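# Coordinates in review
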Amino acid sequence: IHCATGKRTLDELTMDELILALYVLHFEDKVEKNHDFTVSTSDIKEYERVHGSIPEGSFVAFSSGWSKRWDDHDAFYNKDDAGVSHTPGWSVEALEYLHKECKVTAVGHETLHTDSGVDYARTNALAAEYYWLAQDKYQVEVMNNLHALPTQGGVIIVAPVNVVDSPGFSVRVFALI
């Protein structure tokens, strides 16, 4: 709700929205080659061609390998001389596909924002983040250890503190494989 008005607050999420089948999109190699990598609809369709369809009601996580940079502030923010962060993210079109076609419940990623750093710098807006939250869905940012998870076959448990009317909060997230 911190980016979308009139949507549910964190305490209004139901238990069946917080324990979900987990699907991990492993794009670490693409991000290694291009820190500005943005997940596209074609990337998700290629994942589905190889691994099968992403089922309705699941959690889809974008594994970029970015969490390995946490111990190095400069590497994590990855700013150029103009102050632009070169970090990976989701495209609006990819999130539209996950919402409209796959009907997933939530998404997650390792960076601070849903959008790539260059997309934010270009538009001065978090278009992907605003889109996703406007669908009355949630996301988990700054995830860790996604690289260690299988692409499917896991379950994710998102455990937020139950604060009434909270627009967002730190959570503990567990993957069971």
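This write-up is about the structure you can find in this document. Just so it is clear, the model here is predicted, and its values are computed rather than measured. (Residues numbered from 1 in each chain as written. Predicted model: local features only at pLDDT ≥ 70, side-chain atom pairs only at ≥ 80, totals over all residues. Heavy atoms only, no water.)

## Some remarks on the environment of Val158
- As for its position among the elements, Val158 is in strand 7 (residues 154-160).
- Note: C-alpha distance between Val158 and His147 (11 residues apart in sequence) is 18 Å.
- Once you skip the residues sitting within four places of it in the chain, Val158 turns out to touch Leu18, Phe59, Tyr138, Val140, Val171, Arg172 and Val173. (Helix = DSSP H or I, 4+ residues; strand = E, 2+ residues; numbered from the N terminus. Contact = heavy atoms within 4.5 Å.)

## What about helix 5 (residues 92-102)?
- Of all the residues in helix 5, the buried ones are Ala94, Leu95, Tyr97, Leu98 and Cys102. All buried residues of helix 5 fall inside an arc of 155° around its axis, so they share one side.
- Here the buried face of helix 5 lies against strand 2 (38-39), helix 3 (41-51), strand 3 (59-63), strand 4 (89-90), strand 5 (106-109) and helix 7 (127-134).
- Within two residues after helix 5, Lys103 carries a phi angle of roughly 60°, on the positive side. (Buried < 20%, exposed > 50% of the residue type's maximum accessible area, 1.4 Å probe, protein only. Arc of directions from axis to C-beta.)

## Let's talk about the packing of helix 3 against helix 5
- The interhelical angle for the contact between helix 3 and helix 5, taken along N-to-C directions, is 50°, at an axis separation of 8 Å. In this view, helix 3 runs oblique relative to helix 5, as classed from their interaxial angle. Together, Thr41, Ile44, Lys45 and Glu48 of helix 3 and Glu93, Ala94, Tyr97, Leu98 and Cys102 of helix 5 make up the contact between the two elements.
- Broken down by class, the residue content of the contact of helix 3 with helix 5 amounts to five nonpolar, one polar and three charged. (Axes fitted to C-alpha atoms, helices over the stretch in contact; angles between N-to-C directions. Parallel < 35°, antiparallel > 145°, perpendicular 65-115°, else oblique. Nonpolar A, V, L, I, M, F, W, Y, C, P; charged D, E, K, R; others polar.)

## Observations concerning the packing of aromatic side chains
- Per the counting criterion, the structure on display carries six aromatic pairs.
- Above the ring of Trp66, the side-chain terminus of Arg69 is found at 3.8 Å from the ring centroid. (Phe/Tyr/Trp six-rings, centres within 6.5 Å; stacked < 30°, edge-to-face > 60°. Lys NZ or Arg CZ within 6 Å of the ring centre and 35° of its normal.)

## Things to note about the nonpolar core
- Among the nonpolar cores identified, the biggest contains 25 residues, and Ile44, Trp90 and Leu98 are the most heavily contacted of them.
- Among the elements of the structure, strand 1 (19-26), helix 3, strand 3, helix 5 and helix 7 are those that each provide at least two residues to this core.
- For this core, the element with the most residues is helix 5, which contributes five residues.
- Not counting the four nearest positions on each side in its chain, Ile44 is found in contact with Leu25, Val39, Ile54, Trp90, Ala94, Tyr97 and Leu98.
- Counting 16 residues, the second largest nonpolar core, distinct from the first, contains Leu18, Ala61, Tyr138 and Val140. (Core = buried A, V, L, I, M, F, W, Y, C linked by side-chain atoms within 4.5 Å.)

## Considerations on a nonpolar patch on the surface
- Side chains of Met15, Ile19, Val155 and Leu176 sit close together on the surface and give an oily, nonpolar patch of about 360 Å² of accessible area.
- Mapped onto the elements of the fold, Leu176 is located in strand 8 (residues 171-176). (Patch = residues over 30% accessible without salt bridge, like charges linked within 9 Å, V, L, I, M, F, W, Y side chains within 5 Å. Areas by Shrake-Rupley, 256 points an atom, 1.4 Å probe, with all protein chains shown as cover. Salt bridge = Lys/Arg side-chain N within 4 Å of Asp/Glu carboxyl O.)

## Here's the deal with unusual backbone geometry
- At Asn78, a position not held by glycine, the phi torsion is positive, near 50°.
- For Asn78, the location among the structural elements is in the loop between helix 4 (73-77) and strand 4.
- Although it is not a glycine, Asn124 sits at a positive phi angle of roughly 55°.
- Checked against the element boundaries, Asn124 lands in the loop between helix 6 (117-123) and helix 7.

## Observations concerning the sheet that holds strand 6 (residues 138-140)
- With respect to topology, six strands assemble into an open sheet ordered 6-5-3-1-7-8, the strand pairing being mixed. The two strands at the open ends of the sheet, each matched to only one other strand, are strand 6 and strand 8. Ignoring strand direction, the axes of neighbouring strands in this sheet form an average angle of 30°. (Pairing = 2+ DSSP bridges.)

## Notes on the pairing of strand 7
- In terms of strand pairing, strand 1 meets strand 7 through four bridges, oriented antiparallel. Bridge pairing links Leu20 to Ile156 in strand 7.
- In the sheet, strand 7 pairs with strand 8 via six bridges, with the strands oriented antiparallel. Counted as the bridge partner of Val158 is Val173 from strand 8.

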